[in-house]
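The residues making up each chain are set out below.
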Amino acid sequence: MSLTSDPPLAKTVAEPEDLSTLKVVPVRHPWRWVAIAATAVVLAQFVHGLATNTGWEWRVFAEFLTAEVILKAVWTTLQLTFYGTVLGFALGIVLAFMRLSQSRFLRTVAFGYIWAFRSIPLIVQLLFWFNLAYLYKELQFGIPFGPGFFSFDTMGLVGAMSAAVLGLALHQAAYAAEIVRGGVLAVDGGQLEAAAALGIPRLRQIRRIVLPQAMRSILPNAANEVISLFKGTSIVSVMAIGELFYQVQVIYGRNGRVVPLLMVATAWYILLTSALSVVQYYVERHYAKGAVR
């Protein structure tokens, strides 16, 4: 007697359903709508307070927003930002490549500079340069530890504006050096090796290969530093320089309209910071060619 097994049952393949007949139910996010509604209510209350609270004194705000003295102060602020940025990043680039140098001496000098100027508060640096004439009446040039051939009077050499630009630029250079160094290190070292194998000079490697790629990493942080410097120029008010914040303080010290004058400064800071952000966007898009599709 032989045992025979039953043949395996044939697997039935289900007929594919018509997907067009399926009802698609979107994912619901009830708490997201709750957050949106709460934010809208808070924003509406804030705007209502701005419009109805007489303490804001919008008439005084409109009167001083484009006043000649305020426009001159804005121009001074822009000058301080421009000179501090240009000189700071120029020196920062040099310091960055000194830190990347094969020379231990250059690396030590650059590290010492960055350590010192990042450690000392900016206000201390500004006051030091502003009072340079107190420490050194004149600067002599000649034989070290010997007689001098000619000299400069430091009182006339370093004024309030010069001291402010010098302090801002030297302070900015320490941070710019680390930003540039980080951007350069982000570039693949194999590209430099390939360029060196092709006989491309070192300076051209940096100018045509390293910096265009490093700019994608440098620009966001550099833009943040420029914006911080723009707002940080208000600290030079301790030197009685007529920049925006100092001039606003002078005006509300006379008329007692503190809040509307502070809003004038706030409006100008927001306006110019927004303009810098727009410039940053287009510059970043330019250097992102070939990397972002």
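Scroll up to find the structure this text is about.
Definitions and limits used
Residues numbered from 1 in each chain as written. Predicted model: local features only at pLDDT ≥ 70, side-chain atom pairs only at ≥ 80, totals over all residues. Heavy atoms only, no water. Axes fitted to C-alpha atoms, helices over the stretch in contact; angles between N-to-C directions. Helix = DSSP H or I, 4+ residues; strand = E, 2+ residues; numbered from the N terminus. Parallel < 35°, antiparallel > 145°, perpendicular 65-115°, else oblique. Contact = heavy atoms within 4.5 Å. Nonpolar A, V, L, I, M, F, W, Y, C, P; charged D, E, K, R; others polar. Core = buried A, V, L, I, M, F, W, Y, C linked by side-chain atoms within 4.5 Å. Buried < 20%, exposed > 50% of the residue type's maximum accessible area, 1.4 Å probe, protein only. Phe/Tyr/Trp six-rings, centres within 6.5 Å; stacked < 30°, edge-to-face > 60°.

**Q** Where do I start with the packing of helix α3 (residues 68–99) against helix α11 (residues 244–255) in this structure?
**A** Packed helices, taken two at a time, are described by their axes: the angle between them and the distance between them. Relative orientation of the contacting elements α3 and α11 amounts to 150°, with a least axis distance of 8 Å. Relative to α11, the element α3 lies roughly antiparallel. On α11, the residues touching Val69, Ile70, Ala73, Val74 and Thr77 of α3 are Leu244, Gln247, Val248 and Ile251. Taken together, the residues that form the contact of α3 with α11 break down as seven nonpolar, two polar and no charged.

**Q** Mind showing me how you'd approach the nonpolar core here?
**A** General note: in soluble globular proteins, nonpolar side chains tend to be found buried as a group. Leu95, Tyr113, Leu168, Val236 and Met239 are the most contacted members of the largest nonpolar core, which totals 24 residues. Elements that contribute at least two residues to this core include exactly α3, α4 (104–119), α5 (122–130) and α8 (160–185). Looking at this core, the element that brings in the most residues is α8, giving eight residues. Core analysis: the second largest hydrophobic core is formed by 17 residues, Ile70, Phe230, Leu244 and Tyr269 among them.

**Q** So what exactly am I meant to see when it comes to the packing of aromatic side chains here?
**A** Going through the model one piece at a time under the given rule, you end up with seven aromatic pairs. When the centroid spacing of 6.0 Å and the interplanar angle of 15° are considered together, the rings of tryptophan 56 and tryptophan 58 count as stacked. Overall, tryptophan 58 belongs to the partly exposed group, its relative accessible area being 32%.

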